[in-house]
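Descriptive structure summary
Each chain is listed here by its residues.
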Amino acid sequence: MVSRLPVGCRLTAIFDSCHSGSALDLPYIYSTEGKIKEPNVAMGAAKGLMSTLTSLQRNNVGGVISGVTDLVKVASGNAQKADQRTKATRTSLADVISWSGCKDSQTSADALIGGRNTGAMSDAFLKALEQNPNPTYQELLVGIRSKLSTKYMQKPQLSSSHPIDTHSMKFII
């Protein structure tokens, strides 16, 4: 959907659904500090090693092979090459921003708030805007996550089709 958008087009998408962290498959994902999240090579290697050891303990030959393959990818730099390829192919000339209810590995909570059924992230999004009607993208992400953190495990995600300055750029639709 994003690749076909023309230059100058603006799309702001809000997904309050399970496993929606990369719903639009945008290359730039932001932390609450406003920084672009980069692939964590050490974390990837540690996860691959743990997966391999667990599979070995369970005599799961397929899991061992998969874990070793993942470790080789990390060691050879293929994980970083994949990140570079993603940024090269998924960057768009259109201005695309995506708000997701949670990470890809999480579920988005349904809630009954004020007598109505709603998504927990949708409610937090609106409340964060009520509290701060003119936020930067970073302030809005922090506000949404803060409102959810007391009751829910989900971590809403902010992503974009090209790098943005989340510290100073004001949220617009």
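Residues numbered from 1 in each chain as written. Predicted model: local features only at pLDDT ≥ 70, side-chain atom pairs only at ≥ 80, totals over all residues. Heavy atoms only, no water.

Going by what an unreviewed UniProt entry lists, the protein chain is known as Peptidase C14 caspase domain-containing protein and is assigned to Paxillus involutus ATCC 200175.

In terms of nonpolar packing, the biggest core is built from 22 residues, with Trp99, Phe125, Leu140 and Ile144 touching the most fellow members. Looking at this core, the elements that each hand over two or more residues are β2 (28–30), β3 (95–100), β4 (110–113), α4 (120–131) and α5 (137–149). Residue contacts for isoleucine 144: discarding those within four places in its chain leaves Trp99, Met121, Ala124, Phe125, Ala128 and Pro156. The next biggest cluster of nonpolar side chains, apart from the first, holds 6 residues, and it includes Val2, Ala13, Leu26 and Val96. (Core = buried A, V, L, I, M, F, W, Y, C linked by side-chain atoms within 4.5 Å. Buried < 20%, exposed > 50% of the residue type's maximum accessible area, 1.4 Å probe, protein only. Helix = DSSP H or I, 4+ residues; strand = E, 2+ residues; numbered from the N terminus. Contact = heavy atoms within 4.5 Å.)

α5 packs onto α4 with a crossing angle of 125 degrees between their chain directions and a minimal axis gap of 8 Å. Here α5 runs oblique to α4, going by the angle between their axes. Our pair here, α4 against α5, has a crossing hand that is right-handed. In this structure, α4 contributes Ala120, Met121, Ala124, Phe125, Lys127, Ala128, Leu129 and Gln131 to the contact, and α5 contributes Leu140, Gly143, Ile144, Lys147 and Leu148. (Axes fitted to C-alpha atoms, helices over the stretch in contact; angles between N-to-C directions. Parallel < 35°, antiparallel > 145°, perpendicular 65-115°, else oblique. Left-handed = near helix turned anticlockwise from the far one by under 90°.)

Right, let's talk about the state of the cysteines for a bit. For the structure on display, the rule yields 0 disulfides. The thiol sulfur of cysteine 18 is not disulfide-bonded, and the nearest other cysteine sulfur, from cysteine 102, lies at 5.9 Å. (Disulfide = S-S within 2.5 Å.)

Attention now goes to the side chain of threonine 118. Assignment of secondary structure puts threonine 118 in strand β5 (residues 116–119). Those residues in contact with threonine 118, other than ones at most four positions away along the chain, are Ala109, Asp110, Ala111, Ile113 and Asp123.

Moving on, we come to α5. Here α5 is 13 residues long and its end C-alpha atoms lie 18 Å apart, about the 18 Å a rise of 1.5 Å per residue gives. All buried positions along α5 are accounted for by Tyr137, Gln138, Leu140, Leu141, Gly143, Ile144, Arg145 and Leu148. If you follow the buried residues of α5, they end up packed against β1 (10–15), β2, β3, α4 and β6 (157–160). (Expected span 1.5 Å × (residues − 1).)

Turning our eyes to something else, we now look at the sheet that holds β6. The 4 strands lie next to each other as β1-β3-β6-β2, forming an open sheet whose pairing is mixed. Pairing within the sheet leaves two strands with one partner each, and these edge strands are β1 and β2. Each strand axis lies, on average, 20 degrees off the axis of its neighbour in the sheet, ignoring direction. Where β2 and β6 come together, 3 bridges link them in antiparallel fashion. Directly across from tyrosine 30, in β6, lies its bridge partner leucine 158. Contacts from α5 reach β1, β2, β3 and β6, with the element oriented near 15 degrees to β3. (Pairing = 2+ DSSP bridges.)

Here we come to the environment of isoleucine 173. For isoleucine 173, the position within the fold is in the segment after β6. Isoleucine 173 gets classed as exposed once you look at its relative accessible area, which sits at 73%. Note: C-alpha distance between isoleucine 173 and leucine 11 (162 residues apart in sequence) is 7.9 Å. Not counting residues up to four positions away in its chain, the partners in contact with isoleucine 173 are Arg10 and Thr12.

What follows is about the pattern of salt bridges. Summed over all chains, the structure comprises 2 salt bridges. When the shortest N-O distance is used, the salt bridge between aspartate 123 and lysine 127 registers 3.0 Å. Pair noted here: aspartate 123 and lysine 127 are both in helix α4, with a separation of 4 residues, about one helical turn. When its relative accessible area of 8% is taken as the criterion, aspartate 123 is described as buried. On the basis of relative accessible area, lysine 127 is assigned to the partly exposed category, the value being 36%. (Salt bridge = Lys/Arg side-chain N within 4 Å of Asp/Glu carboxyl O.)

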